[in-house]
Amino acid sequence: MSRTTGETPGPETDPATSAPAAVRETATGPAAPAAVPKTATGPAAPAAVPKTAMGTSAPAAVPKTGAGPAGLAIVSPAPGPLDRPGLPSPEPAPPTSRLLARAALLTACLSGVAALLGLVRDQSLARLFGAGRDTDAFLVAWTVPEFAATLLIEDGLAFALIPAFSAALARRARGAAGDPVRSLVAGTLPRLALAFAAGGALLALAAPWCVAVLAPGLPDPDLAVDCTRLTASCVLSFGLAGYCSAALRAHRRFLAPAAIYIVHNVAIIAAMYALGGRWGVRSAAVGVAAGGLLMVALQVPSLAAQLRGNGTDPRPAAPAPPLDVPLLASVLLFALCRQSQVLIERFLASGLPAGAISHLNYAQKVAQIPMTLSMMLSTVTFPVVARALADGDTERARGRVERDVSVAARLVLLGTAVVVACAPQLIGLLFQRGAFTARDTAATAGVMRVYALGLLAQTLTGVLVRSYFSAGRATWYPVAAMTAGIAATWGIGVCTAGSRGAVGIAAANAAGITLTAALLLAGTGRRGVPLRAGAVLRGLGRPVGAAAGAAVAGGLVAASAGPAGLAAGAATVTAVFLLLGGAPGVRALAPALRPVRSLPQRLAHALTR
């Protein structure tokens, strides 16, 4: 799928640098045509060139080129008279709101497909192996990919690598000798791959000890050890997959990174059905290992194309900056602290009546769906913020983060209102069958409603923490904020678990993450992107009120609508939320509506040409 040339003109570029096509490097450095003034923060721009909406210069009537979202193919213009083979190609101008919206939409769609396949995976595990000692053993081993995904793909390694690749791309755009991106890969990938391999091997050797710590009363520890040794390969495969994802996102390629969990779940499902009769639940662990390899294989061609397609600068490359160990340690420790919330919940629930852990688990999985979808925009724009900071454009970074906070908060508040209003109907539709009774549905729905109270804070934490690590510098403030939240979760959970059960643990989770979000917002001015905290909070007031009113109205309708309660409640929540002003204004929606307005003209053009 290619972008057409009928869009707003942009700079004549391609994915390597952001210099105009008419400006190329000489043998000794960047060359600029006569009467071309140097800008304050970047390469030279031709005089009398109109300014685009994003603040970048663009020659009039020049087709827009460069890297679009999700790996979309972009038509590049013919080389100009000053083009010289062997030098890095120009890089695209800052992406427009339309491009970011498309990339976010594609990422959200693929994440939705992966979530559905994850549900099929869990249902297949239950169908083939039941809910007994075998599945208990596998779920202990499942802790490895669960933590590896957070630490090495999502919230951990990406926070360190995306700013590093963004800085390398900025140096390439400024005409640095050699190719800073290739130099970065050569200087970091071999060392990280060796560290991942060593970590996986160490985990495989220590599997018996790990199983004894995580599940001391497991009926069949040997089976859990076997599964853990198979899933330990995820340390290497997920680490390499996370490296590829970070590099591709920095290059504004989102298709392959968004599809990795699809192939991972497909591999697990296929392995269970193909090998389950012979190997039992170990087949699921084999699928986890095979899926990790597929995650890497899916992204390698795209990354190789990005590294291969930029030519070779004959000048010797500057040595790559050393791997920032403090930065890597800070982001991994933050991700580990955040993921430890799950361990605290399970530990506190282990002393409650049977079923409490399951109720928390099911409630968390369903309630987090709106949070996951609301975070897609931040996943796409994180490289944009990192690149803006690498270029010294703090104002553009701040505007981008504040818009992300506004949009993500509204999306998650709408989802939260639906979850609170329709909790019994949602849980009943998804789980109430077989051994999962109406009593389980009621208990899980009650937990989910309380857990949902922390979804806004979960989303704000995910968006705000990116602003701290976008500059590519180590900062321990997010770790301290997350530690404070974890301490609050533990303290409140210990006090409420005995009297309130799983509901008290869910309330502790919501309170702890809310404290973390508040601390992160308060500290941005000094340590991260300098957000206007007061303006951000004032902007959230109206959507929060709209979500509260919508949840009450939707809950009343859902409870009285009988079998159609879920549909009626969700529709009521949406309508009331929009009427009360929870959605962005017309001006904010204009970029998203522009393709719809132009659809009749494009159809007419296609029919008459």
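Residues numbered from 1 in each chain as written. Predicted model: local features only at pLDDT ≥ 70, side-chain atom pairs only at ≥ 80, totals over all residues. Heavy atoms only, no water.

How would you explain the overall build of the protein chain if you had to name every residue and give the values?
Summing up its helical and strand segments, the protein chain has 23 helices and zero strands in all. Sequence-distant contacts in the protein chain: of pairs separated by 6 or more residues, those separated by 24 or more amount to 81%. When the accessible surface of the protein chain is split by element, carbon and sulfur atoms take 68% of a total near 26,400 Å². (Helix = DSSP H or I, 4+ residues; strand = E, 2+ residues; numbered from the N terminus. Contact = heavy atoms within 4.5 Å. Areas by Shrake-Rupley, 256 points an atom, 1.4 Å probe, with all protein chains shown as cover.)

So what about the packing of aromatic side chains? Which residues, and what values?
For the coordinates displayed, the defined rule picks out five aromatic pairs. Centroid distance Phe159 to Phe382: 5.7 Å. Interplanar angle 75°. Geometry classified as edge-to-face. A residue pair is termed long-range when its members are at least 10 positions apart, and Phe159 in helix H4 (residues 157-173) and Phe382 in helix H13 (residues 376-390) qualify at 223 residues. Relative accessible area serves as the criterion here: at 4%, Phe382 is assigned to the buried category. (Phe/Tyr/Trp six-rings, centres within 6.5 Å; stacked < 30°, edge-to-face > 60°. Buried < 20%, exposed > 50% of the residue type's maximum accessible area, 1.4 Å probe, protein only.)

Lay out the packing of helix H11 (residues 325-349) against helix H17 (residues 455-469) in plain terms, naming residues and giving numbers.
As a packed pair, H11 and H17 sit with axes 12 Å apart at the nearest point and diverge in direction by 175°. Here H11 lies roughly antiparallel to H17, going by the angle between them. Of the residues in H17, those in contact with Leu327, Ser330, Val331, Phe334, Arg338 and Gln341 of H11 are Gln458, Thr461, Gly462, Val465 and Phe469. Looking at the contact of H11 with H17 residue by residue, the class counts come to five nonpolar, five polar and one charged. (Axes fitted to C-alpha atoms, helices over the stretch in contact; angles between N-to-C directions. Parallel < 35°, antiparallel > 145°, perpendicular 65-115°, else oblique. Nonpolar A, V, L, I, M, F, W, Y, C, P; charged D, E, K, R; others polar.)

For the pattern of salt bridges, give the residues involved together with the corresponding values.
According to the stated counting rule, one finds seven salt bridges in the structure shown. In this structure, Asp179 engages Arg172 in a salt bridge whose closest nitrogen and oxygen atoms are separated by 2.9 Å. The exposure class of Asp179 is buried, given its relative accessible area of 9%. With its nearest N and O atoms 2.5 Å apart, the salt bridge here joins Glu402 to Arg532. Of the two residues, Glu402 is situated in helix H14 (residues 394-421) and Arg532 in the loop between helix H19 (502-527) and helix H20 (533-560); the sequence distance between them amounts to 130 residues. The network of salt bridges with common partners includes Arg172, Asp179 and Arg182. (Salt bridge = Lys/Arg side-chain N within 4 Å of Asp/Glu carboxyl O.)

Pulling in residues and values, what's your account of the packing of H11 against helix H18 (residues 477-500)?
The N-to-C vectors of H11 and H18 enclose an angle of 5°; their axes lie 9 Å apart at closest approach. Classed by the angle they form, the pair H11 and H18 counts as roughly parallel. Touching Ser330, Leu333, Phe334, Cys337, Arg338, Ser340, Gln341, Ile344, Phe347 and Leu348 of H11 are Pro478, Val479, Met482, Thr483, Ile486, Thr489, Trp490, Gly493 and Val494, all from H18.

Could you give an account of the nonpolar core, with specific residues and numbers?
Membership of the largest hydrophobic core comes to 132 residues, with the highest contact counts inside it found for Phe138, Phe165, Phe238 and Met448. With eleven residues, H14 is the largest single contributor of residues to this core. Not counting residues up to four positions away in its chain, the partners in contact with Phe238 are Pro145, Ala148, Ala149, Leu152, Ile153, His264, Gly292 and Met295. Core analysis: the next-biggest nonpolar cluster, separate from the first, contains seven residues, Ala114, Leu117, Ala258 and Ala259 among them. (Core = buried A, V, L, I, M, F, W, Y, C linked by side-chain atoms within 4.5 Å.)

Give me the lowdown on a nonpolar patch on the surface, citing residues and values where you can.
Judged by side-chain polarity, Leu333, Leu336 and Trp476 come together as a nonpolar surface patch covering roughly 270 Å² of accessible area. Note that Trp476 resides in the loop between H17 and H18. (Patch = residues over 30% accessible without salt bridge, like charges linked within 9 Å, V, L, I, M, F, W, Y side chains within 5 Å.)

Would you mind going over the side chain of Thr461 in detail, with residue names and values included?
Structurally, Thr461 can be placed in helix H17. The class for Thr461 is buried, based on a relative accessible area of 0%. When sequence neighbours within four positions are dropped, the list of residues in contact with Thr461 reads Phe334, Arg338, Ile513, Thr516, Ala517 and Leu520.

So, helix H6 (residues 207-214): which residues are in play, and what are the values?
Along H6, the residues that are buried comprise Ala207, Cys210 and Val211. Down the axis, H6 shows its buried residues gathered within 95° of arc, on one side only. Relative to its buried face, H6 has exposed residues pointing more than 90 degrees away, namely Trp209 and Val213. (Arc of directions from axis to C-beta.)

So what about the environment of Ala388? Which residues, and what values?
Position of Ala388 relative to the elements: it lies in helix H13. According to the relative accessible area criterion, Ala388 is buried, its value standing at 1%. Along the primary structure Ala388 and Ser470 are separated by 82 residues, whereas in three dimensions their C-alpha atoms are 9.1 Å apart. Here Ala388 is in contact with Asp393, Arg396 and Ala397, once residues within four sequence places are set aside.

Mind laying out unusual backbone geometry, listing which residues take part and the relevant values?
The phi dihedral of Arg252 falls on the positive side, at around 65°, and the residue is not glycine. Mapped onto the fold, Arg252 is located in the loop between helix H8 (234-250) and helix H9 (255-279). Note on Arg252: relative accessible area 12%, which makes it buried.

A description of the side chain of Thr231 should follow, citing residues and the corresponding values.
Structurally, Thr231 can be placed in helix H7 (residues 221-231). Among the polar contacts listed, one links the side chain of Thr231 to the backbone oxygen of Ala141, at a separation of 3.3 Å. Of note is the side chain of Thr231, whose polar atom sits 3.1 Å from the backbone oxygen of Thr228. Beyond its immediate chain neighbours, meaning those up to four positions away, Thr231 contacts Ala141, Val144, Pro145, Ala285 and Val288. (Polar contact = N/O pair within 3.5 Å; in protein donor to acceptor, adjacent residues only side chain to side chain.)

A description of the confidence of the model for the protein chain should follow, citing residues and the corresponding values.
Put simply, the protein chain has an average pLDDT of 77, and 74% of its residues get 70 or more. When the elements of the protein chain are averaged for pLDDT, helix H22 (residues 586-597) gives the smallest value, 43, and helix H21 (residues 565-579) the largest, 94. Low confidence marks residues 1-90, where pLDDT is under 50. Its contacts with residues over four positions away, or in another chain, come to 185 contacts. Counting interchain partners and residues more than four positions distant, the pLDDT-below-50 stretch residues 586-600 has six contacts. (pLDDT = per-residue confidence, 0-100.)

A description of the environment of Ile262 should follow, citing residues and the corresponding values.
Inspection of the secondary structure assignment puts Ile262 in helix H9. Along the primary structure Ile262 and Leu294 are separated by 32 residues, whereas in three dimensions their C-alpha atoms are 9.9 Å apart.

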